Amino acid sequence: MKKRILSVIAVLALAAVLAVAMVACIPSDPDKAADNLKAADYLVDVADDPVSMGVMGLMADGIEAVVSGTSDDFTEGVTIFYFEDSDSAKSFYESDFISEMKEEAEAESEELVIKRQGKIVYAGTKEAIKAAR
């Protein structure tokens, strides 16, 4: 009886952890992230071809797509970089581009969140990141 209760508790705890993990992640599909941002009334731009990414100045090894969302009043925003593999994302996350972005945000006392999640690197305000989920 005691083992069964512990098993049930363990299963419930695992289910709760998985539910939180699923909600807390940026979608792995750029179109889903763009749809979520649009639903939250963000102005959205998706670059998923070399020409549009080149125009945005976002050429990095292994990059597949970039989704940007900005609130109407430009106080909230997020940019999500999608890569073909986690090694490319890690290399980009550790690049000078991201380091400079972090330094600029710190110097201007901006509340900028920059994180890597598997094959995804994202940077933005907490509210915009929440809207992309």
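To be clear, the structure that these remarks concern was listed above.
Basis of the calculations
- Residues take numbers from 1 onward in each chain, read along the sequence in its written order.
- Selection of residues for local features in this predicted model requires a pLDDT of at least 70, selection of side-chain atom pairs for listing and counting requires 80 or more, and totals for whole chains, interfaces and linings are taken over all residues.
- Computation of side-chain values: all heavy atoms of the structure, hydrogens and water removed.
- Pairing between two strands is assigned when DSSP locates at least 2 bridges connecting them.
- Under the DSSP-based scheme used, a helix requires at least four consecutive residues in state H or I and a strand at least two consecutive residues in state E, with every element numbered from the N terminus.
- Whenever a helix is involved, its axis is fitted only over the stretch in contact; in every case the axis is a line through C-alpha atoms, and angles between N-to-C directions fall within 0 to 180 degrees.
- What makes two residues a contact is simply this: any of their non-hydrogen atoms within 4.5 Å.
- Each Phe, Tyr or Trp ring, with Trp reduced to its six-membered ring, pairs with another whose centre is within 6.5 Å; inter-plane angles below 30 degrees give stacked pairs, above 60 give edge-to-face pairs, and intermediate values give tilted ones.
- The cut-offs for exposure are 20% and 50% of the maximum accessible area for each residue type, with area from a 1.4 Å probe on protein chains only; residues under the lower value are buried, those over the upper are exposed, and the others partly exposed.

### Things to note about the sheet that holds strand E5 (residues 120–124)
So, point 1. If you trace the 5 strands from one edge of the open sheet to the other, you get E1-E2-E3-E5-E4, paired in antiparallel fashion. Bordering the open sheet on either side are strand E1 (43–47) and strand E4 (113–117), each of which pairs with just one other strand. The average angle at which neighbouring strand axes cross in this sheet is 10°, direction not considered.
So, point 2. Bridging between E1 and strand E2 (residues 63–70) involves 5 bridges; their strand directions are antiparallel. Residue pairing in the sheet places Ala47 in a bridge with Val66 of E2.
So, point 3. Docked against the sheet, helix H2 (residues 30–39) engages E1, E2 and strand E3 (77–83), running at close to 5° with respect to E2.
So, point 4. Sheet contacts for helix H5 (residues 96–107): E3, E4 and E5; angle to E4, the most-contacted strand, approximately 150°.

### What to know about the packing of aromatic side chains
So, point 1. According to the stated counting rule, one finds 4 aromatic pairs in the structure shown.
So, point 2. Between the aromatic rings of Phe81 and Phe97, the centroid separation amounts to 6.4 Å while the plane-to-plane angle is 85°, which identifies the pairing as edge-to-face. Of this pair, Phe81 sits in strand E3 while Phe97 sits in helix H5, placing them 16 residues apart in sequence.
So, point 3. Phe81 sits in the buried class, given a relative accessible area of 2%.
So, point 4. Under the relative-accessibility criterion, Phe97 is labelled partly exposed at 39%.

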